[in-house]
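Now for the letters of each chain:
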Amino acid sequence: MTRSQVNTQRSDAGVAFHPASAPDFLPRRELAKLQLERLQKVVRRAYEKVPLFRQRMEARGLRPDAVKGLPDLARLPFTVKADLRDTYPFGLFASSMDEVVRLHASSGTTGKPIVVAYTAADLQVWTSVMVRALAAAGLGKGDVLQNAYGYGLFTGGLGAHYGGEALGATVIPISGGNTERQLMVLQDFGVTAICCTPSYMIHLIERARDAKIGFGKLRVGVFGAEPWSDGMREYIQAEAGIRAHDIYGLSEIIGPGVGVECVHRDGLHVFEDHFYPEIVDPETGEVLPDGVEGELVLTTLSKEAMPMIRYRTRDITALQAEPCPCGRTLRRIRRIGRRSDDMFIIRGVNVFPSQVETALLQVEGTLPHYQIVLTREKGLDEMEVQVEVTAGFFSDEIRGLQALQHELETAVDHVIGLRVKVTLVAPKTLARSEGKAKRVVDQRNI
């Protein structure tokens, strides 16, 4: 039995049911009743307090009393990220500033950041869903949680921090960066669980290997803030000897804690009593049935300071309504591997970075460090995939490297339907990230 299997068994067996998880098991009929009550309340609040929402409702001839059942949600207008930027900084707030106890802001790369607000009640909701998320991942009182999400305007650090403390775990607020210190703390403080981005966990694995140290008592990782493939999960679990869970959230809704994988890891349970999920056709906006892939749309059912009605996340997934062995009645979303807005087009082919990652990790000898470089030559778009290979392969004879390069180009071709250039680079050549990894470098407009 591997250390990963031993640790997984120990993690599952040693955690008692947490009372905060009770809403996860509500009968669907009771859940639907609660959802409708909260939906009607939040729609009325947004209508009365948020001018943009009221204008859009009136343009459709709608008033809050139009919401008589959950299906009526589909009649309401969408909210998109541009709305937050266009009303910067406080235009979507439904609470006055004397009721707002915290502000966060996104790290957007274009224009103004998006600003999100929380009342004291909002922070209580956030803490409660993070407790439920960590409990679903198998954590509990007695765990030592190393929180390597960034603290500050980014929602990840503080969301995981307060959730971990309320769960009863010992939280180490180490934040991101300073990898040598991270590894020292992992060893010396008896850390059993870690929260960070998956790309940063891979960086920790690499540095631990260089230092010839292991991961001590670590048994569970809760990773989010960026898409990551099943291949990356398998790599993390094999190299660190842990069980890796996906957690989902976004600042516009609340931060981390919208959904999480339970110990069975067959989709992410959405905390539907606070966040109502829909799947819509990205082109038409039409609501799609459970099981059909489309764009995830979320409505906050209990947010006071900044209610979000039908927020288009741009994340592509599907809702799973089938029962989960864990007993939770909450629907699940499939793991998100792509977004409708991180797609780029090369020679008429739609490409998502996660597709490239999946192809690369199918080939032995490659490391989960890659970068996609887009250029324009004589008016034609070109795509190059730079990927690190293991030291053994890179020091191999030229013929072996050429064979590996050909195999990678073929693998990418099979996944995305396009033959592109693959460049093999030595280990540690590509820049490392302490936060979200930058997978695409677009030089076409430079």
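Here, residues in each chain are numbered from 1, in the same order as that chain's written sequence. Note on the predicted model: pLDDT of at least 70 is required for a residue's local features to be given, and 80 or more for side-chain atom pairs to be given and counted; whole-chain, interface and lining totals, by contrast, use all residues. As a rule here, side-chain values come from all non-hydrogen atoms in the structure, and water together with hydrogens is ignored.

Peer 1: Would you mind showing me how to read the overall build of the protein here?
Peer 2: By the criteria applied, helices consist of DSSP H or I runs no shorter than four residues and strands consist of E runs no shorter than two, each listed in order from the N terminus. Tallying secondary structure elements over the protein gives 12 helices and 21 strands in all. What the globule rule says is 2.2 Å times the number of residues to the power 0.38, and the radius of gyration is computed from C-alpha atoms. Computed over C-alpha atoms, the radius of gyration of the protein comes to 22 Å, within 12% of the 22 Å expected from 2.2 N^0.38 for 446 residues, which places it in the range of a compact globule. Principal-axis analysis of the C-alpha atoms gives the protein an extent of 70 × 60 × 40 Å. Burial status across the protein gives 53% buried among its 446 residues. Pairs of residues are marked as contacts when any of their non-hydrogen atoms sit within 4.5 Å. Within the protein, contacts between residues at least 6 apart in sequence are counted, and of these 65% link residues at least 24 apart. As presented, the protein carries roughly 19300 Å² of accessible surface, and 52% of it is formed by carbon and sulfur atoms. When a residue's accessible area, from a 1.4 Å probe over protein chains only, is under 20% of the maximum for its type it is buried; when over 50% it is exposed; and in between it is partly exposed. Each accessible area value is a Shrake-Rupley result obtained with a 1.4 Å probe; residue values ignore everything except the protein chains displayed when judging cover.

Peer 1: Would you explain the pattern of salt bridges in this entry?
Peer 2: Pairing of side chains with opposite charge becomes possible as their charged atoms draw close. Salt bridge, as used here: a side-chain nitrogen of Lys or Arg that lies within 4 Å of a carboxyl oxygen of Asp or Glu. One pass over the structure, following the stated rule, counts 29 salt bridges. As a salt-bridge pair, Glu261 and Arg233 come within 2.7 Å of each other at their nearest N and O atoms. Taken as a pair, Glu261 in strand β8 (residues 255-261) and Arg233 in helix α9 (residues 230-240) lie far apart in primary sequence, 28 residues in all. Residue Glu261 shares its accessibility class with Arg233, and that shared class is buried. In this structure, Glu293 and Arg338 form a salt bridge, with 2.7 Å as the shortest nitrogen-oxygen distance. In this pair, Glu293 is assigned in the loop between β10 (275-280) and β11 (294-300) and Arg338 in strand β15 (residues 338-339), connecting sequence segments 45 residues apart. Given the relative accessible area of 44%, Glu293 is considered partly exposed. You can call Arg338 partly exposed: its relative accessible area is 24%. When salt bridges with common partners are traced through the structure, they connect Asp230, Arg233, Asp246, Glu261 and Arg335 into a single cluster.

Peer 1: Any chance you could explain the pairing of β11 here in plain terms?
Peer 2: Successive residues of a regular strand alternate their side chains across the two faces of the sheet. Among the 7 residues in β11, 7 count as buried, and that is most of the element. Bridge count between β10 and β11: 6 bridges; the pairing is antiparallel. For Tyr276, the partnering residue across the bridge sits in β11 and is Thr299. Strands are treated as partners if at least two bridges between them are detected by DSSP. In terms of strand pairing, β11 meets strand β12 (residues 311-317) through 4 bridges, oriented antiparallel. Bridging from a neighbouring strand, Val297 pairs with Arg312 of β12.

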